[in-house]
Amino acid sequence: MYGIRLFFLPYFSEDVLLKKSHPHEALDYFLLVFSTVLIAAAGNIINDYFDVKADRINKPDKLIVGKHIKPRWAIVSHWTLNFVAFSIACYLTWAYETFWYVFIHLLSINVLWFYSMYFKRKFLIGNLFIAALTGLVPLLCGIHFLGLTTPFQSANFMSDFKEGANWISQLNLKIFFIVALAFFASCLNLVREIVKDMEDVKGDLLLKAKTIPIVLGVNKAKWISLVCLVAIILISLPFLIEGYSVFNQTFVRVMGPSFIIYILLLLCCVLLMKKPEQKRLKQIDLILKITMLIGCCMPFYWYFL
């Protein structure tokens, strides 16, 4: 989330930079990040609470609820973390005079509860919910910053690059960055959720879950994941190719991390084409995590470039 802040720093309005408006913006953004982390932690706790039976089979070494923490304390911790996060959202709604903070926080808290309790065991719906919540994080950051920054001028953006560049240079870079980040984060996390379901088939069968690998079979779930990854690569390629017209000779230096992401995604595709063994699925899961981490860190790379 702080990578998004670095991206928006050059666009901050003069009033914000001089602390004439929202003098505590840096602290407020920290609270926004903190509240997001709290909701995610609360979601993990309630997910573990409802998944105790499955986790005893899928990951007995990582079992927490019932082994290290009593179920009642898990529930108390869940609601305590959510209460603190929602309180922060109420403050941000008051400070920035927008209902979005309360709405998105309340939506996330309820979706994570019903996901863990019910939708996680339903065909595709649970996967889509978690993917959507992942994409909601950069959208929330975008809502926070769009009101604090100056309007985007493509002429200013193009002043340092090749003249006569094409359509990509005319996009509103701020909105495009947030929407693209949200879209690709959602898609990658959707693939990761399907891969995780493939890993957890034995435990999910105990819960009578109807995940994609259980309903369609692990082999078909594998090919669905592969198709999704190929689609992500193909959708992003036109922007990468057109980006060359913008950055010209600095293209490789500016977009370097993107090539690492493509290599990792292609590696996942290769692994998915092989037999879906537990060890291989864990490797794919790890590679997807690293891919998303690199994507989140790209603004840091650009800032210090």
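Scroll up a little and you will see the structure.
Inspection of every chain in the model, using the stated rule, returns two cavities of 30 Å³ or more. Counted as a void, the second largest cavity has a volume near 40 Å³. Going through the elements one at a time, α7 (125-146) and α9 (173-199) are the ones with two or more residues in the lining of the second largest cavity. Tallied by class, the residues present in the lining of the second largest cavity amount to two nonpolar, two polar and four charged.

With respect to the helices and strands, R192 occurs in helix α9. Residue contacts for R192: discarding those within four places in its chain leaves D285, L288, K289 and M292.

In this section: the packing of helix α3 (residues 25-50) against helix α6 (residues 100-117). Running from amino to carboxyl end, α3 crosses α6 at an angle of 15 degrees, the nearest separation of the two axes being 8 Å. Taken together, the axes of α3 and α6 are roughly parallel relative to one another. The hand of the α3/α6 crossing is right-handed. Of α6, the residues touching α3 (which contributes L32, S35, I39, G43, I46, N47 and F50) are Y101, H105, S108, I109, L112, W113, Y115, S116 and M117. Classifying every residue of the contact of α3 with α6 gives 10 nonpolar, six polar and no charged.

It is characteristic of soluble globular proteins that their nonpolar side chains tend to be buried jointly. Ranked by internal contacts, the top residues of the largest apolar core, which has 33 residues, are L188, L229, I232, L265, I284 and L288. For this core, the secondary-structure elements that each account for two or more residues are α9, α12 (218-247), α13 (251-254), α14 (256-272) and α15 (278-303). Discounting residues that sit within four places of it in the chain, L188 has contacts with L229, I232, L265, L288, T291 and M292. Residues L32, L38, V111 and L133 belong to the second largest nonpolar core, which totals 31 residues.

Tallied over the full model, the rule gives three salt bridges. Put simply, E193 and K196 hold a salt bridge, and the shortest N to O gap is 3.5 Å. Linking E193 with K196, this pair stays in helix α9, spanning three residues, or about one helical turn. Among the residues examined, E193 registers a relative accessible area of 5% and is labelled buried. Between E199 and K282 there is a salt bridge whose closest N-O contact spans 3.4 Å. A residue pair is termed long-range when its members are at least 10 positions apart, and E199 in helix α9 and K282 in helix α15 qualify at 83 residues.

Parameters at a glance
Residues numbered from 1 in each chain as written. Predicted model: local features only at pLDDT ≥ 70, side-chain atom pairs only at ≥ 80, totals over all residues. Heavy atoms only, no water. 1 Å grid on protein atoms, 1.4 Å probe; cavity = no way out; pocket = protein on both sides within 12 Å on 5 of 7 lines; lining within 4 Å. Points joined across faces, edges and corners; volume = space filled by probe spheres on them. Helix = DSSP H or I, 4+ residues; strand = E, 2+ residues; numbered from the N terminus. Nonpolar A, V, L, I, M, F, W, Y, C, P; charged D, E, K, R; others polar. Contact = heavy atoms within 4.5 Å. Axes fitted to C-alpha atoms, helices over the stretch in contact; angles between N-to-C directions. Parallel < 35°, antiparallel > 145°, perpendicular 65-115°, else oblique. Left-handed = near helix turned anticlockwise from the far one by under 90°. Core = buried A, V, L, I, M, F, W, Y, C linked by side-chain atoms within 4.5 Å. Buried < 20%, exposed > 50% of the residue type's maximum accessible area, 1.4 Å probe, protein only. Salt bridge = Lys/Arg side-chain N within 4 Å of Asp/Glu carboxyl O.

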